[in-house]
Amino acid sequence: MKAKNILILLGVFVMFVLVAIIINSMGRREEKKADKESILFPGFAADRVSSVEIKAKDREVRLSKEDDVWIVATADNYPADQGAVETMLDKVKELRSALTASRSAEKHSQFEVDKDSGVEVAMLGADGQDALARFFVGKMGADYMSTYIRRAGQDVVLLADGYLRGIFDKGTRGWRDRTIFDFEADQVQKLTLASQEKEEIVIEAKDGGGWQIIKPEIAPAEKDKVDNILREISKLSADEFADKKELSEQTDGTSEAEQIASLVAEYKLADPQSKVTVNLKDGSLRILHISDESGQRYYVKREGKDTIFLVSKSKIDRIFKDMEDLKTETEEEEKPEDE
């Protein structure tokens, strides 16, 4: 009798185990199915995108890829911020819906996913016509950690994780590359800092490492301080662009070259207040023209380029130092005076 009961209990146990395995297996299949269905654009491949169109209210931006480099086609083919474009493309690939907010077209304006208030994004293929992904980015969710989104041609409004508006909508200027200089600091042979406020300082690299001041006097330079200056200038980026339309009202009937020349003269960039000259070991030069101080920013221009940038005063101050700040203190200077 006991043996029979044991067999029955064992059979019941096996049955429960099998049921649990089946339910768990079904749950996993449903979970995978749900994950797949929650992806807004399954199969989206960033490397197939040749251009991106972004429309918001009265502005439109078009980004195009030429020889694997992104440019802002609507800004005279100015180089785009490659990192910002790649971040946007990666975000489209991983876009997932957290929940459905509405299925009514009448509520599109409420969630700002319509043409009037939303940000319309189109990822176009090689022919420039085939849309690999087209959608509207709406307002932020109530938790400030999500965004309403709608696929073009559909009424359903979804709530996606993360604040997405800033990734897809950067205005007409935010997509442009703000890099002024990008070179390796260890490739610098000579640095010249010229300023009307400070005496001109020329520093040269020493054989075997270190730096030597050769003007206005010959003296060893503080290596760490010179290295800090070079780190700042070698990767210098702008805080903002000085757009021609914003800075010059005389745009009617004038060519782009005339507008640039007018701005260069207006901000004294042809005969600048300050200038940084970097001689690289390969014989090339990097020259930065800096205007008079304007509030907490300077207008600057790289020699040989037309773009005029705005750079914060703090960045410029980190580049220009006094002679005494850069000199290495000698033992005699460090020795305290006799009482």
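What comes next concerns the included structure. As the structure is a computational prediction, the values presented were derived from the model and not from experiment. Here the residue numbers are simple positions, counted from 1 along each chain's written sequence. Reporting in this predicted model follows two pLDDT cut-offs: at least 70 for local features of residues, and 80 or more for side-chain atom pairs to be given and counted; totals over whole chains, interfaces and linings ignore these cut-offs and use all residues. By convention in this description, side-chain values take in all heavy atoms of the structure and omit both hydrogens and water.

Moving on to the side chain of Asp 227. Note on conventions: DSSP H or I runs of at least 4 residues are helices, E runs of at least 2 residues are strands, and numbering of each starts at the N terminus. Tracing the sequence through the fold places Asp 227 in helix H4 (residues 223–234). Only protein chains enter the calculation, and the probe is 1.4 Å; a residue is then buried if its accessible area is under 20% of its type maximum, exposed if over 50%, and partly exposed in between. For Asp 227, a relative accessible area of 17% puts it in the buried group. At a separation of 3.1 Å, a polar atom in the side chain of Asp 227 contacts the side chain of Trp 211. Pairs of N or O atoms within 3.5 Å make up the polar contacts considered here, provided that, within protein, one atom can donate a hydrogen while the other can accept it, and that residues adjacent in sequence are counted only when both atoms are side-chain atoms. Side-chain polar atoms of Asp 227 contact the side chain of Lys 223, separated by 2.7 Å.

Attention now moves to the sheet that holds strand S9 (residues 157–161). Read from one edge of the open sheet, nine strands run S4-S3-S2-S1-S6-S7-S8-S9-S5, paired in antiparallel fashion. The outermost strands of the open sheet, each flanked by one partner alone, are strand S4 (78–79) and strand S5 (97–102). The sheet contact formed by strand S1 (residues 51–56) and strand S2 (residues 59–66) spans six bridges and is antiparallel. Considered in S2, the bridge of Glu 53 is made with Arg 62. Contacts were defined at the residue level, with two residues in contact if any of their heavy atoms lie within 4.5 Å. Under this scheme, a helix contributes an axis fitted over its contacting stretch, all axes are lines through C-alpha atoms, and angles between N-to-C directions fall in the 0 to 180 degree range. Those strands touched by helix H2 (residues 82–94) are S1, S2, strand S3 (69–72), strand S6 (119–124) and strand S7 (131–140), and its axis lies near 100 degrees from that of S3. Only strands joined by at least two bridges in the DSSP assignment are considered to pair.

The next thing to look at is the pairing of strand S11 (residues 201–205). Of the strand pairs in this sheet, strand S10 (residues 188–195) and S11 are connected by four bridges, and their pairing is antiparallel. Counted as the bridge partner of Lys 190 is Glu 204 from S11. Counted between consecutive antiparallel strands, the loop separating S10 from S11 contains five residues. As judged from the four bridges shared by S11 and strand S12 (residues 211–215), these two strands associate in the antiparallel manner. Bridge pairing links Glu 204 to Gln 212 in S12. Turn length for the S11-S12 hairpin, with the two strands adjacent in sequence and antiparallel, is five residues, and the turn residue Gly 208 shows positive phi of about 90 degrees.

What follows is about the pattern of salt bridges. The term salt bridge refers to a side-chain nitrogen of Lys or Arg lying within 4 Å of a carboxyl oxygen of Asp or Glu. One pass over the structure, following the stated rule, counts 17 salt bridges. Of the charged contacts in the structure, one is a salt bridge between Arg 318 and Glu 232, with a shortest N-O distance of 2.8 Å. Of this pair, Arg 318 sits in helix H7 (residues 313–319) while Glu 232 sits in helix H4; the two residues are 86 residues apart in sequence, bridging distant segments of the chain. Judged by its relative accessible area of 39%, Arg 318 falls in the partly exposed class.

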